[in-house]
Amino acid sequence: MKTLGILLLLLLTAPVLRAQPHASSVSTTTDRITVTVHPGVELLTIVQLLAGKYPPPNQSGYAKATEAYFTPFANHPAVQLARRLPKVYTDLPELGYCFDNFPAVRLHYPAQTNWYTLNGQDTIQAYLRLCQRFAADSHFWSFYQQHQADYAAWAQPVHARLVREGLVAKLDSFYRFRAPAAHWTILLDPLNSWGAHAIMASALNPSAADQVVYTVGFFNRESTEASVPSFSLGAEASRLVWHEGSHIYTHAVQQQHHAAIMQLAYLFNQADAGMQRNNITDWAHCFDENLVRGIVIALFRQHQPPKEARKQAAQELVGDFQYAGDIADVITTKYLGQPTAPNFAQFFPEILAYLAQKYPTVDSTLR
């Protein structure tokens, strides 16, 4: 992952409309932020919905139009294969980033992805080819083009809030990276009723190598068929941006220090009810979640009122992310408290050293 840069706040200009380099989609963007509905992700979401392998969307005029347009293709070979995939989860549509160059859809096979591990490389690549065929057979691009004005209208308030609150700028500032290389892409997911997640886009398509990507759905469970999807991010905007962004910002440094991280594996208890509830089955995943949640607590301490920071720390403890508070403490005192300290990648080993010092042996009261 390329290093990230100087404060976004210094770079922002008035929003304009521009297509993403790897997907011909209308989006609200600046030099560093793009808010859009990605055609590849939307394509795979629709296939998965038709297969009955995706949570039903919250009601909206868009969801109704999608169902009416694509239901005739419910038995398309791509949909049939989606029904037979051994391991299908809600974030499978992230493979839509393998497609670009719409409407003449081009497919890029990732060198490696967990979806290969879960379903087999040949199966996933066959699925992607069939989804490419689905796009042609269903005239997907025609549907997508019909909703361009909707996508742009949904994007504008999300982009405006990110600029107004400087959430990305604050995240960049936290990591103290030097070069302004990365671009933030917020994917609006109008058929997603379940949540937000980060996408390691650079691992799926080289054309997205400079992008920090995460998706956010339409979460109004009281909506009706007349409702218009909205993506204001709500009161959780800070947590969402900082949490999901940190998954991507820290990915490379965690890989670099993987061996040192695994030396702390004694801190993990797979049988713990909290880990089972959070679907965490190994220490690497456990550490990753505690790390980003600790970073979010530290950012709340830096940019939010003390009460909100305390609430965020308590929320992580209740959620059984028991090391997040410790990570926040060492970041607050030894990193944020030292404005001339090195960037986060250089500081990272101190987090591991702090955990090793505080918990030198397995303590059952912590597990």
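Preceding this paragraph is the structure being described.
Every value quoted in this text rests on a predicted model; they were computed, and no experiment measured them.

Novice: What am I meant to see in the side chain of Thr250 here?
Specialist: With respect to the helices and strands, Thr250 occurs in the loop between α10 (237-249) and α11 (251-256). Each residue touching Thr250, except ones within four places of it in the same chain, is listed here: Tyr175, Asp288, Leu291, Val292, Ile295 and Phe344.

Novice: Would you explain the layout of surface pockets in this entry?
Specialist: In this approach, a probe sized like a water molecule rolls over the atoms, and the result shows the empty space that is left. Empty space within the second largest pocket amounts to approximately 300 Å³. Together, 14 residues line the second largest pocket, and Leu49, Pro57, Ala63, Thr66 and Glu67 are the ones closest to its centre. Per element, the largest residue contribution to the lining of the second largest pocket is five residues, and it comes from helix α2 (residues 61-70). Grouping the amino acids of the lining of the second largest pocket by side-chain chemistry returns six nonpolar, five polar and three charged.

Novice: What am I meant to see in the environment of Ala313 here?
Specialist: Among the structural elements, Ala313 can be located in helix α15 (residues 306-318). On the basis of relative accessible area, Ala313 is assigned to the partly exposed category, the value being 25%. In this structure the C-alpha to C-alpha distance between Ala313 and Ile297, which are 16 residues apart in sequence, comes to 5.9 Å.

Novice: Before we go on, may I ask you to explain the nonpolar core in this structure?
Specialist: A general tendency of soluble globular proteins is for nonpolar side chains to be buried together. If you look at the biggest cluster of nonpolar residues, it comprises 110 residues, and the most contacted ones within it are Trp184, Ile331 and Phe344. Top element by residues in this core is helix α14 (residues 283-303). It accounts for 10 residues. Those residues in contact with Ile331 that sit more than four places away from it in its chain are Phe174, Ile295, Ala298, Leu336, Gly337, Phe344, Phe347 and Ile351.

Novice: Would you take a moment to explain the packing of α14 against helix α17 (residues 344-358) for this structure?
Specialist: When two helices pack together, you describe them by how their axes are tilted relative to each other and by the distance separating the axes. Where α14 meets α17, the closest approach of the two axes is 13 Å, and the angle between their N-to-C directions is 110°. Between α14 and α17, the angle is such that the two are roughly perpendicular. Crossing angle aside, the handedness with which α14 passes α17 is right-handed. Mapping the contact onto sequence places Phe287, Leu291 and Ile295 in α14 and Phe344, Phe348, Ile351, Leu352 and Leu355 in α17. Split into classes, the residues belonging to the contact of α14 with α17 amount to eight nonpolar, no polar and no charged.

Procedures and definitions
- Residues numbered from 1 in each chain as written.
- Predicted model: local features only at pLDDT ≥ 70, side-chain atom pairs only at ≥ 80, totals over all residues.
- Heavy atoms only, no water.
- Helix = DSSP H or I, 4+ residues; strand = E, 2+ residues; numbered from the N terminus.
- Contact = heavy atoms within 4.5 Å.
- 1 Å grid on protein atoms, 1.4 Å probe; cavity = no way out; pocket = protein on both sides within 12 Å on 5 of 7 lines; lining within 4 Å.
- Points joined across faces, edges and corners; volume = space filled by probe spheres on them.
- Nonpolar A, V, L, I, M, F, W, Y, C, P; charged D, E, K, R; others polar.
- Buried < 20%, exposed > 50% of the residue type's maximum accessible area, 1.4 Å probe, protein only.
- Core = buried A, V, L, I, M, F, W, Y, C linked by side-chain atoms within 4.5 Å.
- Axes fitted to C-alpha atoms, helices over the stretch in contact; angles between N-to-C directions.
- Parallel < 35°, antiparallel > 145°, perpendicular 65-115°, else oblique.
- Left-handed = near helix turned anticlockwise from the far one by under 90°.

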